Amino acid sequence: MPRPIRATIHLDAMQHNLERARACVPGAKAWAVVKANAYGHGLERATRAFASADGLALIEPDYAVHLRALGWTKPILLLEGVFDPADARLLASHGLNSAVHCDEQLRLLELAQLDRPVDVHLKLNTGMNRLGFSPARFAAAYARLRAIPAVRKITLMTHFANADVPAHPRLAIGEQIRRFRAAAEGLDGDWSLSNSAAVLQQAAVGASLRSDWIRPGIMLYGGSPGHESAASHGLLPAMSLESELIAVQQVEAGEYIGYGSRFQVERPMRVGVVACGYADGYPRHAGTDTPILVDGVRTRTVGRVSMDMLAVDLGPVPQAQVGSRVTLWGKGLPIDEVAHAAGTIGYELMCALAARVRVEEAPHG
Ligand SMILES: *Cc1c(COP(=O)(O)O)cnc(C)c1O
């Protein structure tokens, strides 16, 4: 028998969320971002759920090759570009579109002697100071790219630091757009700027933001990029993590629960033990009071999360017993709430789903 923990992936939710993203930015073409194994949802599943996307975007060159092996024939974009000369040759051999964010990558493309045309995304640093050419050097980088015979289409790209916080006091999205417009002035090419947060802010910033392409990631999986709930944006959770109670303890007042004896029971409490721990990808930093569902009823975790188990307060669910169904996150319990209780974000929880967790697909509809 396998352990009762399993993740269920809802392909129809992923499909729905992609349509939501498109509806936010009518007319834009969409890269569905599938880095990190489609945020833990599985690359092959993503090719089916996002069949209507205009392209798939990711970080890992080996996974890009795998996408071609899976039969994905539409565009593929390497969001961080190439890492070595062999990757540069992959662009031509596998028809990959690549970000170019630094001189070293320009050099790799110049030396690669690509025998087939490739499309590229030239990246501008508009204030995030992570990847990209400075505004002062952008036009020169563009000219160098144009001079490479194999380079066909050049798309202009940047990435927003704070699109989830309108009018961010340190670096507002409006300021990044202003810097982008100034540097892109007179350069031919599509624009590709918006991550999920910017897609969801499109109504607010729309007038100043020309979106030929959008690059939604987290929203496609039903996670929120910011403080507003995913549900408030009409997004559906694509991953449910569920398990079962494998033991029930009647704990007397004054007793403690789990490692470190961090939680003391004040009055007699029924405590359920769930087959899920940090080795499954559940965050160890989630303390007492992290929300959790038992038999569909909302309750809370108590004590420390251990490697293979965690404990829950069965006070609100007196009928619960061994075998009762537990929802760690997903339908009925937004992953973002669990992430918040653990001091992290839904992105990290999705990506950290452990290999030992069985993954199933929900039946369609
Ligand atoms: C990951 C990533 C995205 C998607 O970001 P989300 O916040 O998940 O929507 C878009 N663009 C680039 C360059 C990325 O690396």
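Predicted model only: the values in this text are computed from it and were never measured.

Undergrad: Looking at this structure, I do not really get helix 6 (residues 103–111). What am I missing?
TA: Within an α-helix, residues lying three or four positions from one another point in the same direction, as the helix has 3.6 residues per turn. Within helix 6, burial applies to Gln-105, Leu-106, Leu-108 and Leu-109. One face of helix 6 carries all of its buried residues, which in axial projection span an arc of 160°. Among the exposed residues of helix 6, those pointing more than 90 degrees away from its buried face are Glu-104 and Leu-111. Immediately beyond the C-terminal end of helix 6, within one or two residues, lies Gln-113, with a positive phi of roughly 50°.

Undergrad: I would appreciate a short explanation of the domain arrangement of the protein chain in the present structure.
TA: By a widely used convention, the size of an interface equals the accessible area lost when the partners come together. Under the domain assignment, the protein chain is made up of domain 1 (11–225) and domain 2 (239–361). Inter-centroid distance (C-alpha atoms) of domain 1 to domain 2 is 37 Å. With 12 residues of domain 1 at the contact, the number on the domain 2 side is eight residues. Counting each side, the surface lost to burial between domain 1 and domain 2 is near 940 Å², with a carbon and sulfur contribution of 60%. The largest contributions to the domain 1 side of the interface with domain 2 come from Tyr-39, Arg-45 and Ile-218, which together make up 41% of the buried area. The interface formed by domain 1 and domain 2 contains two salt bridges.

Undergrad: Got a minute to help me understand the site of the ligand in this structure?
TA: Around the ligand, the structure places 13 residues, and the nearest of them are Lys-35, Tyr-39, Ser-196, Ile-218 and Tyr-347. At 2.5 Å from an oxygen atom of the ligand is found a side-chain nitrogen or oxygen belonging to Tyr-39. One nitrogen or oxygen atom from the side chain of Arg-215 is found 2.9 Å from a nitrogen atom belonging to the ligand. Of the residues contributing to the shell around the ligand, the split by class is seven nonpolar, four polar and two charged.

Undergrad: Is there a simple way to think about unusual backbone geometry in this case?
TA: The phi angle of most residues is negative, glycine excepted, and most peptide bonds adopt the trans form. A positive phi angle, close to 50°, is found at Ala-36, a residue other than glycine. Secondary-structure assignment places Ala-36 in helix 2 (residues 35–39). Despite not being glycine, Ser-261 has its phi angle at roughly 45°, a positive value. Relative to the elements of secondary structure, Ser-261 occurs in the loop between strand 11 (256–257) and strand 12 (263–264). By relative accessible area, Ser-261 is classed as partly exposed at 40%.

Undergrad: Before we go on, may I ask you to explain the packing of aromatic side chains in this structure?
TA: Here a ring pair, both rings aromatic, is described through the centre-centre distance and the interplanar angle of the planes. A full pass over the atoms with the stated rule returns six aromatic pairs. Ring geometry for Trp-31 against Trp-213: centres 4.6 Å apart, planes inclined by 20°, an arrangement best described as stacked. With Trp-31 in strand 2 (residues 29–33) and Trp-213 in strand 9 (residues 213–214), this residue pair connects regions lying 182 residues apart in the sequence. An identical accessibility class is assigned to Trp-31 and Trp-213; each is buried. Plain terms: the ring middles of Tyr-39 and Tyr-221 are 4.7 Å apart, the flat faces sit at 25° to each other, and that makes the pair stacked. With Tyr-39 in helix 2 and Tyr-221 in the loop between strand 9 and strand 10 (239–251), the pair connects residues that are 182 residues apart, well separated along the chain. As far as the burial class goes, Tyr-39 and Tyr-221 line up, both buried. An aromatic cluster is present here, built from Tyr-39, Phe-50, Tyr-221 and Tyr-347 joined pairwise through their rings. Sitting over the face of the ring of Trp-191, Arg-210 holds its NZ or CZ atom 4.5 Å from the ring centroid.

Undergrad: Please explain the sheet that holds strand 3 (residues 55–58) as it appears in this structure.
TA: To summarise the sheet geometry, strands pair through backbone hydrogen bonds and adopt either a parallel or an antiparallel arrangement. Around the barrel, which closes on itself, the eight strands sit in the order 2-3-4-5-6-7-8-9 with parallel pairing between neighbours. Sheet contacts for helix 8 (residues 173–184): strand 7 (151–157) and strand 8 (191–194); angle to strand 8, the most-contacted strand, approximately 170°.

Calculation rules
Residues numbered from 1 in each chain as written. Predicted model: local features only at pLDDT ≥ 70, side-chain atom pairs only at ≥ 80, totals over all residues. Heavy atoms only, no water. Buried < 20%, exposed > 50% of the residue type's maximum accessible area, 1.4 Å probe, protein only. Helix = DSSP H or I, 4+ residues; strand = E, 2+ residues; numbered from the N terminus. Arc of directions from axis to C-beta. Domains from an automatic or database assignment. Contact = heavy atoms within 4.5 Å. Buried area = accessible area lost by both parts, 1.4 Å probe. Salt bridge = Lys/Arg side-chain N within 4 Å of Asp/Glu carboxyl O. Near = heavy atom within 4 Å. Polar contact = N/O pair within 3.5 Å; in protein donor to acceptor, adjacent residues only side chain to side chain. Nonpolar A, V, L, I, M, F, W, Y, C, P; charged D, E, K, R; others polar. Phe/Tyr/Trp six-rings, centres within 6.5 Å; stacked < 30°, edge-to-face > 60°. Lys NZ or Arg CZ within 6 Å of the ring centre and 35° of its normal. Pairing = 2+ DSSP bridges. Axes fitted to C-alpha atoms, helices over the stretch in contact; angles between N-to-C directions.

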